[in-house]
Structure formats: C-alpha cells, structure tokens
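Here are the chains, one letter per residue:
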Amino acid sequence: MSERKKEWARRGPLGVLLAHHREHEAHHVVMLMLIAAALSLIATILVAGAAGYVAVASRIRHAHTYWFPFAIVGAVAAHVGYTFAYREVAHVGRGVRLGALRAGAIVAAGFGMFSPRGGFAVDIEALQDLGVPPQEARVRVLGLGSLEYAVLSVGACACAILLLVEHTDAQRAVVLSWTIGVPGGTVLALLAVRYRKWICRSRLLERVLGPPLEAIAVIGQIVASPRRHGAAAFTGMAVYWAGEVFVLWVCLAAFERHTPSVEAVVVGYATGYALTRRTLPLAGAGAVEALLPFALTWVGYGLPAAVLAVFAYRVFNLWLPLGPAAAGLYALRRRPPDGAGELLRAEVGGDDRDAPPAVDAGRVRDGDS
C-alpha cells in the first residue's frame, strides 16, 4: 500500500478503525463513547424485555444498594493486578522493562472503549512505540491473552468441580464443559506447542497458527522462571480475575434475595466471557450486556436479577474507569521530551543481557526533531 493510500485510510471513513491509539482526536473518542453507550443500552433493554420489565422493576425497588461501594474496591484491585501481570509478560525473555506508571497507563487505556479494535491493539501499539518489533509485540500480547484464559479457565474448572459435588441448580452441560474441557484443552495446547515446528511446516499454517503457539510458549517461559516472572504474573492475573468476579458477585448480591454462590458466579462469569473485554471491540460494549445475563441463568440465577447485576457490573467495570482510561490515553499520546518523568521511561532489553537493547521509538523521534 502506498503512503498516499495509507494516509487516506487513516484520515478517511475508516480512519477511526485503523488509526493508532495516539492519533485519536477528541471527537473520535466522543463518537466511540456514544456508540458504546448505545450498544450497551440497547442490549440491556432487549434482555430486560426478555426477563420482563415488571419483574426487573420489582428487583430495582428491593435492591440492596449498600453492596455497591464494595464493588469499587474490586474494580481497583483488578486494574492493579492486571498491571503487574502485563509488566511481567512484557519483560519475560528479551522484552520490555516497564515502569509502573507507564504500564498502568497502557492497561487503563486498553480497558477503555477508545479502541474499536480492542484493548489488545493498544497493547501492541504501545510495545511497538518502545521499539519492540511488530511480530514480537503481537506474540507478547497474545501471550498476555493466553495468561488471561489460563488463569480464568483453571479457576472456572475448579469451581465447576465443586458445583458438581454440591449438586447445585447449575446446568450440567455448562458445568461438565468446564470440568472436561479445561484439562483436555490444556493437554492439546501443550502438545501443539511441543510440536509447533512440525504443525507450522507450511507457510499458511505458520502464518495462522504460529503466533498463537508462540504466545503459549511465552507462558511456558513464565512458568519456567517462577521466581523472576511466574509468581508475579500469575498472582497479578489471579488478582485481576478475583477483582472482576468480586465486582459481579457484589452486583448480583445487590439484586438477589440470597447471598450468591461464589462457585456459580465464577462459572457463569467465565461462560459469559467467551472473549475477555480486553479482546473485544469497544471493551465488549453490547456483547457483554447481551451474553453475560443468560450465562448467569445457566448457573441458577433468575434473568431479572442477572440483567440488573450485569448492568451495575458494567457501571463499575466500564463506565467509572473512563476517567483513568482517558488519562492513560492522554499520557500515551504525549511525546517524551528529554528528561521525561517516570511515566515515559522504559528500558528495553529484558533478561537477555548480552544482546543490545532496543531503542525507545518515542525518544528517537524526539531526538531527531
């Protein structure tokens, strides 16, 4: 593609979709927020209609709103945990050693609804801005996604086993899918990584399957160095998911007549999040509101309470963090001048001390200007 065509794509009708996260203008951000709000509202109204507006209104009148302040604690813990996990995945092997503030800015911006291509697009672009080659940046971000699913699936599998033992009202098909699928999928994934060179012997398979398999191998590197990376990465991601599930549990407790089962909420949450909100466009606006309430009904909760719980969960999960997300996006857009503060300092080089460190692309541009 010529430079003229690339420039047209950035500034033309598809400019918002293709633009780098640092190139979004204020009106682009407002437009994306309006689209996300519309999708969320439409999905909530439709699901509430399926639940019955009278039943939903009755749950609102009897809501236990004193639960909601606790949801803020869970949301903050989730962001802190994800930041730690993000830093470790970026740093493992020959990666990027990020400062806490810069990593926090990347994570906050990625959880916002400001990228129509999802938060992982922000992660890839942020690593490339630090001089990481595009293919390596993609593999590391896919590795971050693999870490997300690994931790969540293990927790969901354990909770599904407990639900089977307790003989709860959760649908047996849902519970068995986690109980059987996670161990089987783990074995298949490990075999695929072990024989990835043989599997990717053709160019087409290498292009399609190569990056995901290399991403799983990144998780293997983390596991292989528990003291240096593994403990912090898995603990951070576990804290993230615990915070997220706690927010949903709190919101469900506000509209349920009885204290929700932690095991059922974990399985319902994992089932409803077929794709995590960081992988979904616009942070999953509309998709989460449409799918997650029904997933909660599959583990034994009524749809009227579920739709209200998910709506409240998205207030704490998506809308309240808009302030930190906007601040993170603004911080990433700033060009780092000489003597920049801690937020914009990063050391590229990771654990491979014999290799020459990569160069912070932002600093190069500033030095040349």
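This text gives an overview of the structure that appears in the document. Remember, predicted model here, so these are calculated numbers, not experimental data.

## Comments concerning the overall build of the protein
When you go through the protein residue by residue, the secondary structure sums to 17 helices and two strands. Long-range contacts, defined as pairs at least 24 residues apart, comprise 76% of the intrachain contacts of the protein with a sequence gap of at least 6. If you sum the accessible surface of the protein, you get close to 18,100 Å²; carbon and sulfur atoms cover 66% of it.

## Considerations on the pattern of salt bridges
Scanning the entire structure with this criterion turns up one salt bridge. With its nearest N and O atoms 3.0 Å apart, the salt bridge here joins Arg 314 to Glu 289. Separated by 25 residues along the polypeptide, Arg 314 in helix α15 (residues 303-319) and Glu 289 in helix α14 (residues 287-298) bring together distant segments of the chain. According to the relative accessible area criterion, Glu 289 is buried, its value standing at 4%.

## Here we look at helix α13 (residues 262-272)
Of all 11 residues making up α13, nine are buried, and the element is well covered by its neighbours. Within α13, burial applies to Glu 263, Ala 264, Val 265, Val 266, Val 267, Gly 268, Tyr 269, Ala 270 and Gly 272.

## A word on the packing of aromatic side chains
Counted by the stated rule, this structure contains 12 aromatic pairs. Measuring from ring centre to ring centre gives 5.8 Å for Trp 241 and Tyr 269, while their planes differ by 75°; the resulting arrangement is edge-to-face. Here the residue Trp 241 occupies a position in helix α12 (residues 226-255), and Tyr 269 occupies one in helix α13, the gap between them amounting to 28 residues. Summarising the aromatic geometry, the rings of Phe 246 and Trp 249 are spaced 6.3 Å apart at their centres and angled 15° between planes, so their arrangement reads as stacked. Pair noted here: Phe 246 and Trp 249 are both in helix α12, with a separation of three residues, about one helical turn. One aromatic cluster is present, formed by Tyr 82, Phe 111, Tyr 240, Trp 241, Tyr 269 and Tyr 313 through successive ring pairs. Note that Arg 194 overlies the ring of Tyr 195, its terminal NZ or CZ placed 5.3 Å from the centroid.

## Some details on the state of the cysteines
According to the stated counting rule, one finds zero disulfides in the structure shown. A disulfide-free cysteine, Cys 159 has its sulfur positioned 9.4 Å from the sulfur of Cys 157, the nearest such atom.

## Focus on α14
Here α14 contains 12 residues, and its C-alpha end-to-end distance of 17 Å stays within 8% of the 16 Å for a straight helix at 1.5 Å per residue. Taken residue by residue, α14 has Val 288, Glu 289, Leu 292, Pro 293, Ala 295 and Leu 296 as its buried positions. Seen along its axis, α14 keeps its buried residues to an arc of 160°; they face one direction. Just downstream of α14 lies Gly 300, where phi reads positive at about 110°.

## Things to note about a nonpolar patch on the surface
The grouping of Ile 72, Val 76, Val 80, Phe 84 and Leu 320 at the surface amounts to a nonpolar patch, some 460 Å² of accessible area in total. Positionally, Phe 84 belongs in helix α5 (residues 68-91). When its relative accessible area of 46% is taken as the criterion, Phe 84 is described as partly exposed.

## Remarks on the environment of Arg 314
What makes Arg 314 buried here is its relative accessible area of 1%. At 3.5 Å, the side chain of Arg 314 and the backbone oxygen of Gly 284 are in polar contact.

## Description of the side chain of Glu 289
A distance of 3.1 Å separates the side chain of Glu 289 from the side chain of Ser 40, its partner in a polar contact. Non-local contacts of Glu 289, meaning those with residues more than four positions away in its chain, are made with Ser 40, Ala 43, Thr 44, Val 47, Gly 284, Val 310 and Arg 314.

## Focus: unusual backbone geometry
One non-glycine residue with positive phi stands out, namely His 167, at about 55°. If you trace the backbone, His 167 turns up in the loop between α8 (134-166) and α9 (172-194). By relative accessible area, His 167 is classed as exposed at 67%.

## A closer look at the packing of helix α6 (residues 100-111) against helix α16 (residues 322-333)
Following both chains from N to C, one finds α6 and α16 inclined at 120°, their axes separated by 7 Å at the closest point. Taken as axis vectors, α6 and α16 run oblique relative to one another. The interaxial crossing formed by α6 with α16 has left-handed handedness. Of the residues in α16, those touching α6 at Arg 102, Ala 105, Ile 106, Ala 108 and Ala 109 are Pro 324, Ala 325, Gly 328, Leu 329, Ala 331 and Leu 332. A breakdown of the residues in the contact of α6 with α16 according to their chemical character gives nine nonpolar, one polar and one charged.

What counts as what
- Residues numbered from 1 in each chain as written.
- Predicted model: local features only at pLDDT ≥ 70, side-chain atom pairs only at ≥ 80, totals over all residues.
- Heavy atoms only, no water.
- Helix = DSSP H or I, 4+ residues; strand = E, 2+ residues; numbered from the N terminus.
- Contact = heavy atoms within 4.5 Å.
- Areas by Shrake-Rupley, 256 points an atom, 1.4 Å probe, with all protein chains shown as cover.
- Salt bridge = Lys/Arg side-chain N within 4 Å of Asp/Glu carboxyl O.
- Buried < 20%, exposed > 50% of the residue type's maximum accessible area, 1.4 Å probe, protein only.
- Phe/Tyr/Trp six-rings, centres within 6.5 Å; stacked < 30°, edge-to-face > 60°.
- Lys NZ or Arg CZ within 6 Å of the ring centre and 35° of its normal.
- Disulfide = S-S within 2.5 Å.
- Expected span 1.5 Å × (residues − 1).
- Arc of directions from axis to C-beta.
- Patch = residues over 30% accessible without salt bridge, like charges linked within 9 Å, V, L, I, M, F, W, Y side chains within 5 Å.
- Polar contact = N/O pair within 3.5 Å; in protein donor to acceptor, adjacent residues only side chain to side chain.
- Axes fitted to C-alpha atoms, helices over the stretch in contact; angles between N-to-C directions.
- Parallel < 35°, antiparallel > 145°, perpendicular 65-115°, else oblique.
- Left-handed = near helix turned anticlockwise from the far one by under 90°.
- Nonpolar A, V, L, I, M, F, W, Y, C, P; charged D, E, K, R; others polar.

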